[in-house]
Amino acid sequence: MNAPRFASDLGWRAGLFAWLLLSAPTLCLAERPAAAAIASANWQATAAGFDTLARGGNAFDAAVAVSAALSVVEPESSGLGGGGFFLLHRAADGKAVFVDAREKAPAAASRDMYLDAAGRPQRERSTNGPLAAAVPGLPAGLALLAERYGRLPLKDSLAPAIRLARKGWTWSDKNAAMIAFRAPQLQHSPAARALFLRAGKPPKPGQRMRNRDIAAVLERLAEEGHAGFYQGRTAELLVDGVRAAGGIFTLEDLAGYRAVERAPLRFDYRGQTILTAPPPSSGGVALVGLFQILAGYPLDRWQRVPRLHVAIEAMRRVYRDRAIYLGDPDFVQMPMDMLLSPHYAAGLRASIDTTRATPSDTLPGIGAGPEGRDTSHFSIIDAEGNVAAVTQSVNLPFGAAFVAPGTGFVLNNEMDDFSVKPGVPNAFGLIGEDANAIAPGKRPLSSMSPTILLGSERVAAIGTPGGSRIITMVFQGLSLLLDGKSAAEAVAAPRIHHQYQPDSVSIEPGALNAEESAALAARGHTIATADQTWGNMQIVLWNLATGAVEAASDPRWKTVGGSEVRAQDAVYR
Ligand code: DON
């Protein structure tokens, strides 16, 4: 493995040039990618991944390295105090697995724990402070990956993150902005305040940062594996800190946590195989629904407006099903056969009027919300063709804005991903019913949708943060890849979203021109142009005919400026 072949935050021209170079046609079908590719939300995490590949690791070791590095340098988005989903595809035997490292409600959690005596939701309690936290899953996911799928000891894959934490790094513009955004809540946790604020003020971009506590936590995980986090010193620090601040974690909650291997959802669309996230993610079920509904229309012969119309109508219907049926598969019976059936999709299609919007209130009923800059997705292809698509989160920026003293990481506020009361929207405006009610030991329903395309011409890994919008973003990005677009085109394209309730199509600025907006409004759609963009999509793509690989990070959040080694999306030979 030599120097970086290209680093596209040098500019799209450099990326395009290198992509063209790597795409030069060869005579036979390449069995292996010509290079390894990583796209993540932070260049230091991407560098940690390549470091691990260079030491003989595979894509799964690199996934451990990128994940752990993100825990250190991007604490607003994800980390050891949160959870994640790892979708893996192994080249040697074609094995596909979904590692569910989603957080779990503590044993003392109860259905109405965020309601006051009058039954009113107390949003503050489900979003800020240790009571908002579910038992972290990410460290268990890292240990499982290293043990069952990696080639290197966990210790080696965690080494780059430990180095970053011990030697220090510099806060980026994004880190600084997110700390400023959550400073009012971070102030309340003395350990969070000491870590992220300087004399009560957010740091400036470029300021150096070190985190010895998280380094020590990572070292115990590196030495002892799973038990090095879920038992002993780290578990004690976590439980003591949480309970002293009013939380309900116990040592048993931690000792009992396990990451779970599940079968990915697998479906075919236009002859291409897609692997995606099963419950407790709602993403895969919704993606299957979206593609199956749309498969019944001659989309390639239609203009953009009718295509958008039916896509919006499909979104409305699959988000309604999400609200009604989906939850943790270890707790609820879900009508999966029905939801995944092409006949069910045909029924939903039949309910779509191709000329008029169906008001959401006219569908038997069941709420929507802001985009996110937290949660993190990364995608990896190694030079053997192993693929990892990983989305990890602490939910809202800096999760519960709480750090247990001595741990160096924020705890998630994924408890807010449960339906705290039927029909009451969560922070993302998502509503739910009994299937996603709180219960001890249960995983909250997620929208995180790491997805792998195993196409006849190309293989790709895709995903993004963005709360409820994750699913529609992955759907649009994947659709573009299926249409033959490059990874860079797919991450950059403007996005639209509908989630059943509220009954409006939200669009990124520039996603529709005036004529298209008017045409959709004439069909009965309410169009709401967002004042901001959303998502932070990361795609890697391998062209099977040429062996060429491409990595692309969402331009919306890409590090601006910097040298070649600062690539978030890079291809190394
Ligand atoms: O699991 C979920 O669906 C959410 N906790 C994800 C949160 C998210 O993407 C935040 N926004 N960027």
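So, a few notes on the structure that sits alongside this text.

The rules behind each value
- Residues numbered from 1 in each chain as written.
- Predicted model: local features only at pLDDT ≥ 70, side-chain atom pairs only at ≥ 80, totals over all residues.
- Heavy atoms only, no water.
- Near = heavy atom within 4 Å.
- Polar contact = N/O pair within 3.5 Å; in protein donor to acceptor, adjacent residues only side chain to side chain.
- 1 Å grid on protein atoms, 1.4 Å probe; cavity = no way out; pocket = protein on both sides within 12 Å on 5 of 7 lines; lining within 4 Å.
- Sits in = over half its atoms within 2 Å of the grid points.
- Nonpolar A, V, L, I, M, F, W, Y, C, P; charged D, E, K, R; others polar.
- Buried < 20%, exposed > 50% of the residue type's maximum accessible area, 1.4 Å probe, protein only.
- Helix = DSSP H or I, 4+ residues; strand = E, 2+ residues; numbered from the N terminus.
- Pairing = 2+ DSSP bridges.
- Expected span 1.5 Å × (residues − 1).
- Points joined across faces, edges and corners; volume = space filled by probe spheres on them.
- Axes fitted to C-alpha atoms, helices over the stretch in contact; angles between N-to-C directions.
- Parallel < 35°, antiparallel > 145°, perpendicular 65-115°, else oblique.
- Left-handed = near helix turned anticlockwise from the far one by under 90°.
- Contact = heavy atoms within 4.5 Å.
- Phe/Tyr/Trp six-rings, centres within 6.5 Å; stacked < 30°, edge-to-face > 60°.
- Salt bridge = Lys/Arg side-chain N within 4 Å of Asp/Glu carboxyl O.

Re the site of the ligand
Lining the immediate environment of the ligand, one finds 17 residues, of which Asp374, Asp417, Ser446, Ser447 and Gly467 sit closest. Thr375 places a side-chain nitrogen or oxygen 3.1 Å from an oxygen atom of the ligand. At a separation of 2.8 Å, a nitrogen atom of the ligand approaches a polar side-chain atom of Glu414. Among the cavities detected, the one that contains the ligand is the largest cavity. Along the lines of polarity and charge, the residues of the shell around the ligand split into four nonpolar, eight polar and five charged.

So, the pairing of strand β19 (residues 569-572)
Judged by which residues are buried, β19 turns out to be covered on both faces: Asp569 and Val571 on one side and Ala570 and Tyr572 on the other are all buried. Bridge analysis of strand β2 (residues 36-39) against β19 gives four bridges, and the strand direction is antiparallel. Directly across from Ala39, in β19, lies its bridge partner Asp569.

Structural notes on helix α13 (residues 283-294)
Between its terminal C-alpha atoms α13 stretches 16 Å, which fits the 16 Å expected from twelve residues at 1.5 Å a residue. The buried fraction of α13 amounts to twelve of the twelve residues, a majority that puts the element mostly inside the structure. Listing the buried residues of α13 in full gives Gly283, Gly284, Val285, Ala286, Leu287, Val288, Gly289, Leu290, Phe291, Gln292, Ile293 and Leu294.

Things to note about the layout of surface pockets
Here the largest pocket defines a volume of roughly 770 Å³. Lining the largest pocket are 32 residues, and of these Arg307, Gln476, Ser479, Leu480 and Asp483 lie nearest its centre. Contributions of two or more residues to the lining of the largest pocket are made by α13, α14 (304-325) and α17 (470-482). For the lining of the largest pocket, the leading source of residues is α17, giving seven residues. Along the lines of polarity and charge, the residues of the lining of the largest pocket split into 21 nonpolar, five polar and six charged.

Observations regarding unusual backbone geometry
That bond from Pro279 to Pro280 is cis: its omega, 15°, falls within 30 degrees of zero. Looking at the secondary structure, you find Pro280 in the loop between β9 (272-276) and α13. The omega torsion across Gln501 and Pro502 is 0°, close enough to zero to call that bond cis. Position of Pro502 relative to the elements: it lies in the loop between β14 (496-497) and β15 (505-507). Positive phi is not limited to glycine here, since Ala199 has a value of about 50°. Relative to the helices and strands, Ala199 resides in the loop between α8 (190-196) and β6 (208-209). Overall, the relative accessible area of 83% leaves Ala199 in the exposed class. If you check the backbone angles, Tyr500 has positive phi at about 80° while not being a glycine. Following the sequence through the fold, Tyr500 ends up in the loop between β14 and β15.

Details of the sheet that holds β14
Taken together, the three strands give an open sheet; going across it, the order is β14-β15-β16, and neighbouring strands pair in mixed fashion. At either margin of the open sheet sits one strand with a lone partner, and together these are β14 and β16 (527-529). With three bridges joining them, β15 and β16 adopt parallel strand pairing. Bridge pairing in β16 places Ser506 opposite Ala528.

Focus: the packing of helix α2 (residues 43-54) against helix α3 (residues 59-73)
Their axes nearest at 8 Å, the elements α2 and α3 cross at an angle of 150°. When the axis of α2 is compared with that of α3, the two are roughly antiparallel. The way α2 lies across α3 gives a crossing that is right-handed. Along its contact with α2, which presents Gln44, Ala45, Ala48, Gly49, Thr52 and Leu53, the element α3 presents Ala59, Asp61, Ala62, Ala65, Val66, Ala69, Leu70 and Val73.

Re the packing of aromatic side chains
Counted under the stated rule, the structure contains twelve aromatic pairs. Seen in terms of ring centroids, Trp169 and Trp171 are 5.5 Å apart; in terms of plane orientation they differ by 80°. Their pairing is edge-to-face. Geometrically, the ring pair formed by Trp171 and Phe196 is tilted, given 6.2 Å between the ring centres and 55° between the ring planes. Taken together, the residues Trp171 in the loop between β5 (169-170) and α7 (173-186) and Phe196 in helix α8 connect sequence positions 25 residues apart. As far as burial versus exposure is concerned, Trp171 and Phe196 are alike and both buried.

Considering the environment of Thr407
You can see Thr407 is positioned in the loop between β11 (387-393) and β12 (451-454). Take Thr407: its relative accessible area is 0%, and that puts it in the buried class. Sequence-wise, Thr407 and Pro397 are ten residues apart; in three dimensions their C-alpha atoms are separated by 18 Å. With sequence-adjacent residues up to four places away left out, Thr407 is seen in contact with Asp213, Ile214, Val217, Leu237 and Leu238.

With respect to the pattern of salt bridges
Taken as a whole, this structure holds 27 salt bridges when the rule is applied. A salt bridge links Asp503 to Arg316; the shortest N-O distance between them is 2.6 Å. Overall, the relative accessible area of 28% leaves Asp503 in the partly exposed class. Residue Arg316 is classed as buried on the basis of its relative accessible area, which comes to 1%. Salt bridges linked by common partners bring Asp100, Arg262, Asp330 and Arg443 together as one network.

Structural notes on the sheet that holds β12
Read from one edge of the open sheet, six strands run β8-β9-β12-β13-β17-β18, paired in antiparallel fashion. Of all strands in the sheet, those with a lone pairing partner are β8 (265-269) and β18 (549-553), marking the two edges. The mean inter-strand angle of the sheet, taken between neighbouring strand axes irrespective of direction, is 15°. In the packing of α13 onto the sheet, contacts are made with β8, β9 and β12, and the angle to β8 comes to roughly 15°. Its contacts with the sheet put α17 on β8, β9, β12, β13 (458-462) and β17 (538-543), and the angle it makes with β13 is roughly 165°.

Some thoughts on the side chain of Ser360
Relative to the helices and strands, Ser360 resides in the loop between α16 (342-350) and β10 (376-381). The class for Ser360 is buried, based on a relative accessible area of 0%. Polar contacts involving the side chain of Ser360 include one to the main-chain carbonyl oxygen of Tyr500, which spans 2.5 Å.

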